[in-house]
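Below are the chains, spelled out letter by letter.
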Amino acid sequence: MSTSAAKRVALITGASSGLGREFARQLDQRQVADELWLVARRRETLAELAEELDTPARAIPADLTRPEDIDALRVLLEAEAPQVTFLVNAAGFGKFGDWRTISDADADAMIDLNCRALVDITRAALPHMGRGGRIIQVASAAGFAPLPHLNVYAASKAFVLRYTRALRWELHGTGITATALCPTWVKTGFEAVARESAGGSDVGHLMGEQTPEVVVRRALNANKAHFAVACASPQAAALRVVGKVLPSCVTMAGWNILRKL
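Scope of this entry: the structure provided in the associated data block. (Residues numbered from 1 in each chain as written. Predicted model: local features only at pLDDT ≥ 70, side-chain atom pairs only at ≥ 80, totals over all residues. Heavy atoms only, no water.)

This part takes up empty space enclosed by the protein. Under the counting rule described, the total for this entry stands at 1 cavity of 30 Å³ or more. Size it by volume and the largest cavity reaches roughly 40 Å³. Lining the largest cavity are Thr13, Leu64, Asn89, Ala90, Ala91, Leu113, Ala117 and Leu118. Looking at which element gives the most residues to the lining of the largest cavity, the answer is helix H4 (residues 104-125), with 3 residues. (1 Å grid on protein atoms, 1.4 Å probe; cavity = no way out; pocket = protein on both sides within 12 Å on 5 of 7 lines; lining within 4 Å. Points joined across faces, edges and corners; volume = space filled by probe spheres on them. Helix = DSSP H or I, 4+ residues; strand = E, 2+ residues; numbered from the N terminus.)

And the structure:
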């Protein structure tokens, strides 16, 4: 573990847009670290975000679907040995469509980014975290049930949810708090990317979209309160209950109606 004299760092993946960018802004306001490490593919966007923050920020361009880029981040952590006070894994994407319309490349990339990269980044950061450290893993309410025409994405977020809950148990007694964030639709660039497939119209209107500001504020408050899961809205909380109570065939049938609206 890092010593108390080490530089305090908040590490945020997916920081160039959407929830990742909003996490950077709100963690900046809360002054949780001496430096923010912003990780995403687009160097220019990261640099622009770093300029608007009061907390010193480092732009770390990386494609987290590439193991070598994750290795480079791990080497950086080992070389500088900071105290990671906050880890937010917000990098991820989804595609609308079924097994025929989502390409092999997109299916593989969803698994690589949403699952493998999240685990690898978490494992790289944990040796540098100590008592009081906080982890937020961005999952989704889609992880509460299997969702046809969003199948790989929903399955990947179910993985994140269960991984985070098991990790939280393993961290008991260390003083590190892990929370899985499971919102419904959020007003980010997710929809535009999700529709870039042959089955892009398989999901209709994204009802009940929330702003990133609200979702991130509620996620940070839930993590501060040591919640295992942050639903961030009544709709997500209801879906969580439905996923526990109803058989999957019922939830999938209901989803099949809603997605066509």
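Here the narrative resumes.
Throughout the structure, instances matching the rule amount to 5 aromatic pairs. Measuring from ring centre to ring centre gives 6.2 Å for Phe96 and Phe190, while their planes differ by 75°; the resulting arrangement is edge-to-face. Separated by 94 residues along the polypeptide, Phe96 in the loop between strand S4 (83-89) and H4 and Phe190 in helix H6 (residues 190-194) bring together distant segments of the chain. Taking the relative accessible area as the measure of exposure, Phe96 reaches 0% and is therefore buried. Aromatic ring contacts, followed pair by pair, group Phe96, Tyr153, Trp185 and Phe190 into a single cluster. (Phe/Tyr/Trp six-rings, centres within 6.5 Å; stacked < 30°, edge-to-face > 60°. Buried < 20%, exposed > 50% of the residue type's maximum accessible area, 1.4 Å probe, protein only.)

Quick look at the pairing of strand S6 (residues 177-181) now. For a regular strand, side chains alternate in direction, first toward one face of the sheet and then toward the other. Across the 5 residues that make up S6, a large majority, 5, are buried. The alternating pattern of S6 places Thr177, Thr179 and Leu181 and Ala178 and Ala180 on opposite faces, both of which are buried. Direction of pairing for S6 relative to strand S7 (residues 229-230): parallel, over a ladder of 2 bridges. Each bridged residue has a counterpart across the sheet, and for Leu181 the counterpart in S7 is Ala230. (Pairing = 2+ DSSP bridges.)

Right, let's talk about helix H1 (residues 18-30) for a bit. Side chains three or four residues apart in an α-helix point the same way, a direct result of the helix having 3.6 residues per turn. Taking 1.5 Å of rise per residue, 13 residues should cover 18 Å, and H1 covers 19 Å from first to last C-alpha, within 8% of that figure. Taken together, the buried positions of H1 are occupied by Gly18, Leu19, Gly20, Glu22, Phe23, Ala24, Gln26, Leu27 and Asp28. Phi turns positive one or two residues past the end of H1, at Gln31, with a value near 50°. (Expected span 1.5 Å × (residues − 1).)

This part takes up the packing of helix H3 (residues 67-80) against H4. At their nearest, the axes of H3 and H4 sit 10 Å apart, and the two run at 15° to each other. Judged on the interaxial angle alone, H4 and H3 are roughly parallel. For the crossing formed where H3 meets H4, the hand is right-handed. On the side of H3, the interface is formed by Pro67, Ile70, Leu73, Arg74 and Leu77, while H4 contributes Arg116, Ala117, Asp120, Ile121, Ala124 and Ala125. (Axes fitted to C-alpha atoms, helices over the stretch in contact; angles between N-to-C directions. Parallel < 35°, antiparallel > 145°, perpendicular 65-115°, else oblique. Left-handed = near helix turned anticlockwise from the far one by under 90°. Contact = heavy atoms within 4.5 Å.)

Looking at the secondary structure, you find Glu22 in helix H1. No salt bridge forms around the buried Glu22; measuring N to O, its nearest opposite-charge neighbour Arg25 is 4.0 Å away. (Lys, Arg positive; Asp, Glu negative; His and termini not counted. Salt bridge = Lys/Arg side-chain N within 4 Å of Asp/Glu carboxyl O.)

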